[in-house]
Amino acid sequence: MRLFVNVDHVATVREARRTVEPDPTEAAVLAEEGGADGITVHLREDRRHIQDHDVERLLRIARGAVNLEVAAEETVLSIAERLRPAQVTLVPEKRQEITTEGGLDLGPASRGRVRGAVTRLRAAGIRTSLFVDPVPEVIAACADLEADAVELHTGEYSNADESERDGQLTRLASSAELAAQLGLAVHAGHGLTYENVGPVAAIEVCEELNIGHSIVSRAIFVGIAKAVEEMRHAIDTARAEG
(Lines give C-alpha, C1' and ligand atoms only; values in the text may rest on other atoms or scores of the structure.)
Protein backbone atom coordinates (compact mmCIF):
# COMPACT_ATOMS: atom_id res chain seq x y z
CA MET A 1 0.00 0.00 0.00
CA ARG A 2 1.30 3.43 -0.96
CA LEU A 3 1.49 6.13 1.69
CA PHE A 4 1.22 9.69 0.43
CA VAL A 5 2.01 12.28 3.10
CA ASN A 6 0.16 15.59 2.97
CA VAL A 7 2.44 18.45 4.06
CA ASP A 8 -0.16 21.24 3.85
CA HIS A 9 -0.06 21.96 7.56
CA VAL A 10 3.67 22.55 7.55
CA ALA A 11 2.79 25.46 5.28
CA THR A 12 -0.05 26.40 7.65
CA VAL A 13 2.52 27.05 10.38
CA ARG A 14 4.64 29.10 7.99
CA GLU A 15 1.73 31.20 6.77
CA ALA A 16 0.73 32.02 10.36
CA ARG A 17 3.72 34.39 10.34
CA ARG A 18 4.00 34.97 6.57
CA THR A 19 7.64 33.95 6.75
CA VAL A 20 9.84 31.36 5.01
CA GLU A 21 9.84 28.61 7.60
CA PRO A 22 8.99 25.84 8.07
CA ASP A 23 9.37 24.89 4.42
CA PRO A 24 6.84 22.20 3.32
CA THR A 25 9.15 21.05 0.54
CA GLU A 26 11.91 20.29 3.07
CA ALA A 27 9.31 18.42 5.10
CA ALA A 28 8.47 16.43 1.96
CA VAL A 29 12.10 15.35 1.55
CA LEU A 30 12.21 14.15 5.15
CA ALA A 31 8.85 12.39 4.75
CA GLU A 32 10.27 10.44 1.84
CA GLU A 33 13.28 9.51 3.96
CA GLY A 34 10.82 8.18 6.55
CA GLY A 35 9.10 5.91 4.03
CA ALA A 36 6.53 8.02 2.18
CA ASP A 37 5.86 6.80 -1.35
CA GLY A 38 4.62 10.19 -2.46
CA ILE A 39 3.68 13.67 -1.34
CA THR A 40 0.27 15.34 -1.42
CA VAL A 41 -0.36 19.09 -1.39
CA HIS A 42 -3.60 21.02 -1.78
CA LEU A 43 -3.29 24.22 -3.81
CA ARG A 44 -6.37 26.04 -2.57
CA GLU A 45 -7.87 28.92 -4.50
CA ASP A 46 -7.38 31.20 -1.48
CA ARG A 47 -3.74 30.02 -1.02
CA ARG A 48 -4.23 29.69 2.73
CA HIS A 49 -1.25 27.34 3.09
CA ILE A 50 0.48 25.83 0.04
CA GLN A 51 1.64 28.45 -2.47
CA ASP A 52 2.37 28.13 -6.18
CA HIS A 53 6.13 28.24 -5.59
CA ASP A 54 5.82 25.34 -3.12
CA VAL A 55 4.30 23.13 -5.81
CA GLU A 56 6.90 24.14 -8.36
CA ARG A 57 9.80 23.43 -5.99
CA LEU A 58 8.25 20.18 -4.78
CA LEU A 59 8.00 18.89 -8.34
CA ARG A 60 11.70 19.60 -8.79
CA ILE A 61 12.97 17.90 -5.64
CA ALA A 62 10.53 15.10 -4.75
CA ARG A 63 11.86 11.64 -5.49
CA GLY A 64 8.44 10.01 -5.53
CA ALA A 65 5.16 11.01 -7.12
CA VAL A 66 3.38 14.26 -6.29
CA ASN A 67 -0.39 14.25 -5.86
CA LEU A 68 -1.75 17.76 -6.35
CA GLU A 69 -5.21 18.42 -4.91
CA VAL A 70 -7.20 21.18 -6.60
CA ALA A 71 -10.78 22.27 -7.10
CA ALA A 72 -12.34 21.91 -10.53
CA GLU A 73 -11.83 25.63 -11.13
CA GLU A 74 -9.91 27.42 -13.86
CA THR A 75 -7.53 29.33 -11.58
CA VAL A 76 -5.95 26.13 -10.25
CA LEU A 77 -6.67 23.71 -13.10
CA SER A 78 -4.55 25.81 -15.45
CA ILE A 79 -1.64 25.59 -13.00
CA ALA A 80 -2.00 21.80 -12.80
CA GLU A 81 -1.99 21.57 -16.59
CA ARG A 82 1.18 23.65 -16.76
CA LEU A 83 3.09 21.87 -14.00
CA ARG A 84 1.93 18.33 -14.82
CA PRO A 85 2.28 16.46 -11.53
CA ALA A 86 1.97 12.68 -11.64
CA GLN A 87 -1.56 12.86 -10.24
CA VAL A 88 -4.26 15.44 -9.63
CA THR A 89 -7.05 14.76 -7.17
CA LEU A 90 -10.12 16.91 -7.68
CA VAL A 91 -11.58 18.01 -4.35
CA PRO A 92 -14.41 20.30 -3.22
CA GLU A 93 -13.63 23.64 -1.61
CA LYS A 94 -15.63 25.97 0.62
CA ARG A 95 -14.13 29.29 1.65
CA GLN A 96 -15.02 29.07 5.34
CA GLU A 97 -14.17 25.41 5.99
CA ILE A 98 -11.23 24.54 8.21
CA THR A 99 -10.42 21.50 6.09
CA THR A 100 -12.09 19.69 3.21
CA GLU A 101 -15.46 18.45 4.44
CA GLY A 102 -17.18 15.77 2.39
CA GLY A 103 -16.62 14.53 -1.13
CA LEU A 104 -17.24 16.11 -4.51
CA ASP A 105 -20.77 16.92 -5.57
CA LEU A 106 -21.32 14.83 -8.70
CA GLY A 107 -24.97 15.70 -9.16
CA PRO A 108 -26.36 16.82 -12.54
CA ALA A 109 -25.60 20.50 -11.91
CA SER A 110 -21.88 19.97 -11.26
CA ARG A 111 -21.03 16.79 -13.14
CA GLY A 112 -20.29 18.59 -16.39
CA ARG A 113 -17.73 20.84 -14.70
CA VAL A 114 -15.96 17.85 -13.15
CA ARG A 115 -16.07 15.96 -16.45
CA GLY A 116 -14.43 18.89 -18.19
CA ALA A 117 -11.69 19.01 -15.57
CA VAL A 118 -11.00 15.28 -15.88
CA THR A 119 -10.85 15.56 -19.67
CA ARG A 120 -8.38 18.45 -19.51
CA LEU A 121 -6.11 16.73 -17.01
CA ARG A 122 -6.04 13.47 -18.92
CA ALA A 123 -5.23 15.35 -22.12
CA ALA A 124 -2.22 16.79 -20.27
CA GLY A 125 -1.07 13.27 -19.38
CA ILE A 126 -2.00 13.58 -15.71
CA ARG A 127 -3.49 10.70 -13.72
CA THR A 128 -6.84 11.77 -12.25
CA SER A 129 -8.49 10.94 -8.94
CA LEU A 130 -11.81 12.14 -7.51
CA PHE A 131 -12.27 12.71 -3.77
CA VAL A 132 -15.74 11.34 -3.04
CA ASP A 133 -17.98 10.01 -0.30
CA PRO A 134 -18.34 6.20 -0.12
CA VAL A 135 -21.74 6.13 -1.82
CA PRO A 136 -22.49 3.57 -4.60
CA GLU A 137 -24.17 6.10 -6.91
CA VAL A 138 -21.22 8.46 -6.57
CA ILE A 139 -18.70 5.68 -7.26
CA ALA A 140 -20.62 4.76 -10.42
CA ALA A 141 -20.54 8.41 -11.49
CA CYS A 142 -16.75 8.46 -11.11
CA ALA A 143 -16.48 5.53 -13.51
CA ASP A 144 -18.77 7.32 -15.95
CA LEU A 145 -16.52 10.38 -15.77
CA GLU A 146 -13.55 8.16 -16.75
CA ALA A 147 -11.39 9.10 -13.79
CA ASP A 148 -8.42 6.85 -13.12
CA ALA A 149 -9.05 6.58 -9.38
CA VAL A 150 -11.31 7.49 -6.50
CA GLU A 151 -10.14 8.66 -3.10
CA LEU A 152 -12.75 7.59 -0.58
CA HIS A 153 -13.51 10.19 2.05
CA THR A 154 -12.79 8.54 5.40
CA GLY A 155 -13.95 11.46 7.53
CA GLU A 156 -17.18 9.87 8.74
CA TYR A 157 -15.30 6.70 9.65
CA SER A 158 -12.63 8.70 11.47
CA ASN A 159 -15.17 10.78 13.40
CA ALA A 160 -17.52 7.89 14.26
CA ASP A 161 -17.86 6.74 17.84
CA GLU A 162 -17.20 3.12 18.74
CA SER A 163 -20.79 2.04 18.16
CA GLU A 164 -20.82 3.43 14.61
CA ARG A 165 -17.30 2.73 13.40
CA ASP A 166 -17.87 -0.84 12.19
CA GLY A 167 -20.77 0.34 10.05
CA GLN A 168 -18.68 3.11 8.53
CA LEU A 169 -15.85 0.67 7.85
CA THR A 170 -18.25 -1.70 6.08
CA ARG A 171 -19.45 1.24 4.00
CA LEU A 172 -15.88 2.06 2.99
CA ALA A 173 -15.02 -1.54 2.18
CA SER A 174 -18.09 -2.10 0.01
CA SER A 175 -17.50 1.16 -1.85
CA ALA A 176 -13.88 0.19 -2.41
CA GLU A 177 -14.94 -3.17 -3.84
CA LEU A 178 -17.45 -1.50 -6.17
CA ALA A 179 -14.87 0.98 -7.39
CA ALA A 180 -12.39 -1.81 -8.11
CA GLN A 181 -15.06 -3.76 -9.99
CA LEU A 182 -15.72 -0.68 -12.13
CA GLY A 183 -12.05 -0.43 -13.04
CA LEU A 184 -11.12 2.42 -10.72
CA ALA A 185 -8.00 2.49 -8.57
CA VAL A 186 -8.94 2.91 -4.91
CA HIS A 187 -7.38 5.45 -2.57
CA ALA A 188 -8.60 6.70 0.81
CA GLY A 189 -7.98 9.55 3.19
CA HIS A 190 -9.16 12.28 5.56
CA GLY A 191 -8.90 12.20 9.33
CA LEU A 192 -6.88 8.98 9.47
CA THR A 193 -4.65 8.65 12.54
CA TYR A 194 -2.19 6.19 14.01
CA GLU A 195 -5.04 4.76 16.08
CA ASN A 196 -7.67 4.28 13.35
CA VAL A 197 -5.66 3.67 10.18
CA GLY A 198 -5.33 -0.12 10.58
CA PRO A 199 -8.80 -1.27 9.48
CA VAL A 200 -8.71 0.99 6.41
CA ALA A 201 -5.21 -0.17 5.51
CA ALA A 202 -6.50 -3.75 5.65
CA ILE A 203 -9.05 -3.16 2.85
CA GLU A 204 -7.44 -5.33 0.21
CA VAL A 205 -8.40 -3.38 -2.91
CA CYS A 206 -7.28 -0.05 -1.44
CA GLU A 207 -3.85 0.76 -2.80
CA GLU A 208 -3.10 4.26 -1.49
CA LEU A 209 -3.66 6.29 1.67
CA ASN A 210 -3.33 10.07 1.93
CA ILE A 211 -2.55 11.21 5.49
CA GLY A 212 -1.42 14.62 6.69
CA HIS A 213 -2.62 16.19 9.92
CA SER A 214 -1.90 13.24 12.21
CA ILE A 215 1.63 12.83 10.83
CA VAL A 216 2.45 16.54 11.03
CA SER A 217 1.07 16.62 14.59
CA ARG A 218 3.24 13.66 15.61
CA ALA A 219 6.23 15.25 13.89
CA ILE A 220 6.20 18.11 16.39
CA PHE A 221 7.35 15.62 19.02
CA VAL A 222 9.49 13.12 17.11
CA GLY A 223 10.39 14.75 13.79
CA ILE A 224 8.71 14.16 10.47
CA ALA A 225 10.87 11.28 9.24
CA LYS A 226 10.18 9.33 12.44
CA ALA A 227 6.47 10.23 12.34
CA VAL A 228 6.20 8.89 8.79
CA GLU A 229 8.16 5.78 9.74
CA GLU A 230 5.69 5.08 12.56
CA MET A 231 2.68 5.53 10.25
CA ARG A 232 4.35 3.35 7.63
CA HIS A 233 4.79 0.63 10.26
CA ALA A 234 1.14 0.88 11.37
CA ILE A 235 -0.07 0.56 7.78
CA ASP A 236 2.25 -2.30 6.85
CA THR A 237 1.37 -4.23 10.01
CA ALA A 238 -2.37 -3.92 9.38
CA ARG A 239 -1.89 -4.84 5.73
CA ALA A 240 0.07 -7.98 6.62
CA GLU A 241 -2.47 -9.07 9.19
CA GLY A 242 -5.39 -8.37 6.83
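Here the structure is shown first, and the text comes after it.
Residues numbered from 1 in each chain as written. Predicted model: local features only at pLDDT ≥ 70, side-chain atom pairs only at ≥ 80, totals over all residues. Heavy atoms only, no water.

## A word on the sheet that holds strand β2 (residues 38-42)
Thought 1: The strand order β1-β2-β3-β4-β5-β6-β7-β8 describes a closed barrel built from eight strands, whose pairing is parallel. When the angles between neighbouring strand axes are averaged without regard to direction, this sheet yields 25 degrees.
Thought 2: With three bridges joining them, strand β1 (residues 2-6) and β2 adopt parallel strand pairing. Across the sheet, the residue bridging to Val5 is Ile39, located in β2. (Pairing = 2+ DSSP bridges. Helix = DSSP H or I, 4+ residues; strand = E, 2+ residues; numbered from the N terminus. Axes fitted to C-alpha atoms, helices over the stretch in contact; angles between N-to-C directions.)

## A look at the packing of aromatic side chains
Thought 1: Taken as a whole and assessed by the stated rule, the structure comprises zero aromatic pairs.
Thought 2: In this structure, Arg165 is placed above the aromatic ring of Tyr157, and the distance from its NZ or CZ to the ring centre is 5.3 Å. (Phe/Tyr/Trp six-rings, centres within 6.5 Å; stacked < 30°, edge-to-face > 60°. Lys NZ or Arg CZ within 6 Å of the ring centre and 35° of its normal.)

## Digging into the pattern of salt bridges
Thought 1: In total, this model carries 20 salt bridges according to the counting rule given.
Thought 2: For Asp52, the salt bridge identified is with Arg47, shortest N-O distance 2.6 Å.
Thought 3: Measuring nitrogen to oxygen at the nearest pair gives 2.5 Å for the salt bridge that ties Glu81 to Arg120. Linking Glu81 in helix α4 (residues 74-83) with Arg120 in helix α5 (residues 108-123), this pair joins segments that are 39 residues apart in sequence.
Thought 4: A residue is classified by how much of its surface remains accessible, and Glu81, at 24% relative accessible area, is partly exposed.
Thought 5: Owing to a relative accessible area of 27%, Arg120 belongs among the partly exposed residues under this scheme.
Thought 6: One salt-bridge network, in which partners are shared between bridges, spans Arg2, Arg127, Glu207 and Glu208. (Salt bridge = Lys/Arg side-chain N within 4 Å of Asp/Glu carboxyl O. Buried < 20%, exposed > 50% of the residue type's maximum accessible area, 1.4 Å probe, protein only.)

## A few points about helix α3 (residues 52-61)
Thought 1: Within α3, the full set of buried residues consists of Asp54, Val55 and Leu58. In an axial view of α3, the angular spread of the buried residues amounts to 95 degrees, which keeps them on one side of the axis.
Thought 2: Buried positions along α3 lie against α1 (8-15), α2 (24-33), β2, β3 (65-70) and α4. (Arc of directions from axis to C-beta. Contact = heavy atoms within 4.5 Å.)

## Digging into the packing of α2 against helix α11 (residues 224-241)
Thought 1: Look at α2 against α11: their axes get within 7 Å of each other, and the N-to-C directions meet at 45 degrees. Compared by their axis directions, α2 and α11 come out oblique. Two packed elements cross with a definite hand, and for α2 against α11 that hand is right-handed. Residues Ala27, Leu30 and Ala31 of α2 form the contact with α11, whose participating residues are Ile224, Ala225 and Val228.
Thought 2: Tallied by class, residues from the contact of α2 with α11 come to six nonpolar, no polar and no charged. (Parallel < 35°, antiparallel > 145°, perpendicular 65-115°, else oblique. Left-handed = near helix turned anticlockwise from the far one by under 90°. Nonpolar A, V, L, I, M, F, W, Y, C, P; charged D, E, K, R; others polar.)

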